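# Survey of secondary and tertiary structure
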Amino acid sequence: MRSISKITTGTITIALALGLMGCSPTRSNNESIDGSEAKKELAIELKFLQNESERLINKDGKIEDKTFQSYKNDFNLLSASISSTTKIETQSDSELKESIAQLKRDVDALTEKEYVKSYKRFNSSKTIYEVTLMNNMHDIIDATKDWDKDHNELALFDNKHMRSSRAQIKKDMGPAIDHINTVSKYKIELMQDEIQKHRDSFTKLQLEQLKKATYNFDLSLNDQIKSIQFYKPISGDYNVSRDFSYNSYDKYTNACVYITDFESNLGIAKAGEF
């Protein structure tokens, strides 16, 4: 299993203070494990989630969003691994209480063979990616496609301001850039945290593909920001902004090569998605 189940520095500090270190080192899925050992390992993860759920419920002040997102991913990973239908979506005390209670019932109901299968799924790179990374990854793909005027902030900005005045362009620059930073680039941060958390469950090649994909997507978003900052009306000098737009597309293309190879090797790539 993972060496520690949380990602943010603050969370790690709290976990250490509470004695809630994560699980034992990750075991290869090809390495055999019996039902009693698998049950013990999953029980450790469940106990960690129970303690974290209690901490979130009894929070003193506001919990950082990254802390909750990490817990949500840990919870949903264990839930998916044991084929439970319970999931965490929002930071609601009632949802936290009900979901952890149901997850415990579902874990306790496993047979010895199911414990082994669940443990292997829990450490599978495919399960980890599908549960903790894939949604955000595909949101970023949409956010960096230069033709996606529903999700790409630069495409939206260009479509709206091609004939706008300089004053209107300047007024809308800040909100557009803030959206890229607080939505898309934040999702990249969350993915990078999850990749680091589960690094022992990925092969060297998989880890390289994920890191290079997120790195290039991040560069693509940086070029979107620069293109917006240098944006001029259609009557002005559009060359600088356009060059950054081209650069953004190039980085998007590079990232898609890595993530397409990664998903293809897992057998989950969809034709024509990029």
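Described below are features of the structure shown in this document.

## Some remarks on the overall build of the chain
- Along its length, the chain carries 11 helices and zero strands.
- The linear arrangement of helices and strands in the chain, starting from the amino end, is α-α-α-α-α-α-α-α-α-α-α.
- Here the chain, with 274 residues, has 48% of them falling under the buried criterion.
- For the chain, contacts bridging at least 24 residues in sequence account for 71% of all contacts bridging at least 6.
- Summed over its atoms, the accessible surface of the chain is roughly 13,700 Å², and 50% of this surface lies on carbon and sulfur atoms.

## A short note on the packing of helix 10 (residues 204–229) against helix 11 (residues 239–266)
- Viewed as axis vectors pointing N to C, helix 10 and helix 11 meet at an angle of 160 degrees, and their least axial separation amounts to 8 Å. As the angle between them shows, helix 10 and helix 11 are arranged roughly antiparallel. Once helix 10 is placed against helix 11, the crossing between them reads as left-handed.
- Counted by class, the contact of helix 10 with helix 11 contains 12 nonpolar, 12 polar and five charged residues.

## Description of the pattern of salt bridges
- The full count for this structure, using the stated rule, is 15 salt bridges.
- Residues D93 and K59 are paired through a salt bridge, measuring 3.4 Å at the closest nitrogen-oxygen approach. One end of the pair, D93, is in helix 4 (residues 93–108); the other, K59, is in the loop between helix 2 (35–57) and helix 3 (65–81), and 34 residues separate them in sequence.
- Judged by relative accessible area, which is 32%, D93 ranks as partly exposed.
- In this structure K59 comes out as partly exposed when scored by relative accessible area, which is 30%.
- Two residues, E208 and K212, come together in a salt bridge whose shortest N-O distance is 2.9 Å. A residue pair is termed a helical-turn pair when its members lie 3 or 4 positions apart in one helix, as E208 and K212 do in helix 10 at four residues.
- Residue class for E208 comes out partly exposed when judged on its relative accessible area of 38%.
- Salt bridges here are not isolated pairs; linked through shared partners, they connect K66, E189 and D193.

## Quick word on the side chain of S124
- Looking at the secondary structure, you find S124 in the loop between helix 5 (112–122) and helix 6 (125–132).
- Within polar-contact distance, the side chain of S124 engages the backbone nitrogen of K126 at 3.2 Å.

## So, the environment of D142
- Position of D142 among the secondary structure elements: in helix 7 (residues 134–144).
- For D142, a relative accessible area of 22% gives the class partly exposed.
- Measuring from C-alpha to C-alpha, the distance between D142 and S184 comes to 9.8 Å, with 42 residues separating the pair along the chain.
- Once you skip the residues sitting within four places of it in the chain, D142 turns out to touch D148, H151 and N152.

## Some thoughts on the packing of helix 6 against helix 11
- Two elements in contact, helix 6 and helix 11, have axes separated by 10 Å at closest approach and are oriented at 125 degrees. Considering the angle they form, helix 6 stands oblique to helix 11. Classified by chirality, the crossing of helix 11 by helix 6 is left-handed. In contact with S125, K126 and Y129 of helix 6, helix 11 contributes I259, F262, E263 and L266.
- Taken together, the residues of the contact of helix 6 with helix 11 sort by class into four nonpolar, one polar and two charged.

## Thoughts on the environment of K251
- Considering the arrangement of structural elements, one finds K251 in helix 11.
- Between the C-alpha atoms of K251 and N222, which are 29 residues apart in sequence, the distance is 9.9 Å.
- Among residues more than four places away in sequence, those in contact with K251 are N216, L219, S220 and D223.

About the criteria used
- Residues numbered from 1 in each chain as written.
- Predicted model: local features only at pLDDT ≥ 70, side-chain atom pairs only at ≥ 80, totals over all residues.
- Heavy atoms only, no water.
- Helix = DSSP H or I, 4+ residues; strand = E, 2+ residues; numbered from the N terminus.
- Buried < 20%, exposed > 50% of the residue type's maximum accessible area, 1.4 Å probe, protein only.
- Contact = heavy atoms within 4.5 Å.
- Areas by Shrake-Rupley, 256 points an atom, 1.4 Å probe, with all protein chains shown as cover.
- Axes fitted to C-alpha atoms, helices over the stretch in contact; angles between N-to-C directions.
- Parallel < 35°, antiparallel > 145°, perpendicular 65-115°, else oblique.
- Left-handed = near helix turned anticlockwise from the far one by under 90°.
- Nonpolar A, V, L, I, M, F, W, Y, C, P; charged D, E, K, R; others polar.
- Salt bridge = Lys/Arg side-chain N within 4 Å of Asp/Glu carboxyl O.
- Polar contact = N/O pair within 3.5 Å; in protein donor to acceptor, adjacent residues only side chain to side chain.

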